[in-house]
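Breakdown of the fold
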Amino acid sequence: MSHVIRWLATLSLALGLAGCQTVQGVGTRIDRALDKVMGSKGQRLDPWESWNRKVFAFNDKVDENVLKPIATAYSEIVPSPVRTGIDNFFGNIGDAWSAVNLMLQGRFKAGVEQGMRFAVNSTLGLAGVLDIATEAGLEKNSQDFGKTLGKWGMGTGAYIVWPLFGPSSVRDSLALPVDWQASPGVLFDDGRKKVGITALSLVNTRANFLRAGEMLEGIALDKYTFYRDAYLQRRGSFDDEGDDEVEVLVPGNGAAAGQAAAAPASAASATPAATPASAAPVATVKKPAEPASAATR
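Okay, so let's go over this structure. (Residues numbered from 1 in each chain as written. Predicted model: local features only at pLDDT ≥ 70, side-chain atom pairs only at ≥ 80, totals over all residues. Heavy atoms only, no water.)

1. Considering the overall build of the chain
Heads up, the rule is: Numbering of helices and strands starts at the N terminus; helices are DSSP runs of H or I of at least 4 residues and strands are runs of E of at least 2. Exposed residues in this analysis have more than 50% of their type's maximum accessible area, buried residues have under 20%, and partly exposed residues fall in between, with area computed by a 1.4 Å probe over protein chains only. Residues are treated as being in contact if the distance between any of their heavy atoms lies within 4.5 Å. To measure how exposed things are, a 1.4 Å probe is used in the Shrake-Rupley method; for residues, cover is taken only from the protein chains shown.
Along its length, the chain carries eleven helices and four strands. Burial status across the chain gives 45% buried among its 297 residues. Put simply, of all contacts in the chain between residues at least 6 apart along the chain, 74% involve residues at least 24 apart. Of the roughly 14700 Å² of accessible surface on the chain, a fraction of 65% belongs to carbon and sulfur atoms.

2. What about the pairing of strand 1 (residues 159-162)?
Note on strand geometry: in a regular strand, side chains alternate between the two faces of the sheet. To keep things clear, this is the line we draw: Only when DSSP finds a minimum of two bridges between them are two strands counted as paired.
In the sheet, strand 1 pairs with strand 2 (residues 166-169) via four bridges, with the strands oriented antiparallel. Residue pairing in the sheet places Ile160 in a bridge with Ser168 of strand 2.

3. Considering unusual backbone geometry
Excluding glycine, residues mostly have negative phi values, and the peptide bonds linking residues are mostly trans. Here the phi dihedral of Leu126 falls at roughly 55 degrees; this positive angle occurs in a residue that is not glycine. Tracing the backbone shows Leu126 in the loop between helix 5 (108-123) and helix 6 (132-135). Residues other than glycine seldom take positive phi values, yet Leu164 does so here, at roughly 70 degrees. Inspection of the secondary structure assignment puts Leu164 in the loop between strand 1 and strand 2. Given a relative accessible area of 45%, Leu164 falls into the partly exposed group.

4. Concerning a nonpolar patch on the surface
Rules: For patch detection, residues must exceed 30% relative accessible area and be free of salt bridges, and they are connected within 9 Å for like charges or within 5 Å for nonpolar side chains (Val, Leu, Ile, Met, Phe, Trp, Tyr). Between Lys or Arg on one side and Asp or Glu on the other, a salt bridge is scored when a side-chain nitrogen of the former is within 4 Å of a carboxyl oxygen of the latter.
Together, Trp48, Trp51, Val170 and Leu174 line one region of the surface with nonpolar side chains, adding up to about 390 Å² of accessible area. By secondary structure assignment, the location of Trp48 is in the loop between helix 2 (41-44) and helix 3 (49-77).

5. Notes on the packing of aromatic side chains
What describes a pair of aromatic rings is the distance from one ring centre to the other and the angle between the planes of the rings. Filter applied, for reference: When the centres of two rings from Phe, Tyr and Trp lie within 6.5 Å, Trp using its six-membered ring, the rings pair. Their planes under 30 degrees apart give stacked, over 60 give edge-to-face, and anything left gives tilted. Geometrically, a lysine NZ or arginine CZ counts as sitting over a ring once it is within 6 Å of the ring centre and also within 35 degrees of the ring normal.
Within this structure, the stated rule accounts for six aromatic pairs. With a centroid separation of 5.9 Å and 50 degrees between ring planes, the pair formed by Phe56 and Tyr227 is classed as tilted. Within this pair, whereas Phe56 is found in helix 3, its partner Tyr227 is found in helix 11 (residues 223-234), the two being separated by 171 residues in sequence. Here the two residues Phe56 and Tyr227 agree in accessibility, since each one is buried. A network of ring pairs unites the aromatic residues Phe56, Tyr159, Tyr224, Phe226, Tyr227 and Tyr231 as a single cluster. The aromatic ring of Trp152 is capped on one face by Lys151, whose charged end is 4.7 Å from the ring centroid.

6. What to know about the nonpolar core
Put simply, the rule is: Among buried residues, those of type Ala, Val, Leu, Ile, Met, Phe, Trp, Tyr and Cys that are joined through side-chain atoms within 4.5 Å constitute a nonpolar core.
Counting eleven residues, the largest nonpolar core consists of Leu67, Ala71, Tyr74, Val78, Ile86, Phe90, Ile93, Ile197, Val203, Ala207 and Leu210. With ten residues, the next largest nonpolar core counts Val55, Tyr159, Val161 and Tyr224 among its residues.

7. Structural notes on the packing of helix 4 (residues 80-104) against helix 5
Basically, it comes down to this: Axes, fitted as lines to C-alpha atoms, cover a helix only where it is in contact. Angles between the N-to-C directions of the axes lie from 0 to 180 degrees. The labels follow the angle: roughly parallel below 35 degrees, roughly antiparallel above 145, roughly perpendicular from 65 to 115, and oblique for the rest. Crossings are sorted by hand: turned counterclockwise from the far helix by less than a right angle, the near helix makes the crossing left-handed, and turned clockwise it makes it right-handed.
Between helix 4 and helix 5, the least distance of the axes is 8 Å, while the angle of their chain directions is 160 degrees. Accordingly, the angle class assigned to the pair helix 4 and helix 5 is roughly antiparallel. Considering how the two elements wind past one another, helix 4 and helix 5 form a crossing that is left-handed. Here helix 4 contributes Asn92, Asp95, Ala96, Ser98, Ala99, Leu102 and Met103 to the contact with helix 5, which in turn contributes Phe108, Ala110, Gly111, Val112, Gln114, Gly115, Arg117, Phe118, Asn121 and Ser122.

8. Some details on the side chain of Asp95
For Asp95, the position within the fold is in helix 4. Those residues in contact with Asp95 that sit more than four places away from it in its chain are Gln114, Arg117, Phe118, Asn121 and Lys140.

Structure, rendered in structure tokens:
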């Protein structure tokens, strides 16, 4: 299985590099023409909307009847400081994978900083339970293999909703098997421990979005469209600003940034802690551009 994943990753990168220069200019012109004819980018990037809506409804039922009640009980039973420590632990695993992806993207300074963040929290922060690095000025920069493919020219592709896995795209679906190798469950060889740590990550993440889900119920006229557009915007299909934006979960309750987000209406995302792969409500705010040596795009 591992050699298949490596082969897919190599093929994806090769395709992205080969098409980067050729497709970008043509794609921009086509995008502009299609926008005039077909309207919103969200609709154009959703050619399988009929299927996606059915899967979205199924995921919503699973979330409403299974995941949300468990997450609610979890948030009521487990004290907030303990949940914060669990957030930090999973976020620390995500930082290690972010460092790898930043290196793969050629952003070596940012990659070294994320590596230092992981090292500090893993040692001084008791395996990441305490977030010492943030207080030391080492900010989180969440990356995943899907973003790495995007950095080398692979477009987001069509929007797709997977049963149980939630919102995704063609590019992120190709990256999912690779990202899964960095999930918390890989730390354990025992099957029961793998299942347990994965379930804990899922429930803890869903608990972090209980308040956001409740507020969304009252403001979103069409939850499917809201989640789709939020996902595509966050993953780069609408505004490919990259490092000029900071993602802000709104409203939240202290969820660790960059942790895999189980969208309230789209069941669970199976991506690892490094990947915010669901369409949790987000807003973006601009930040000063980094020097060219620190970030491209």
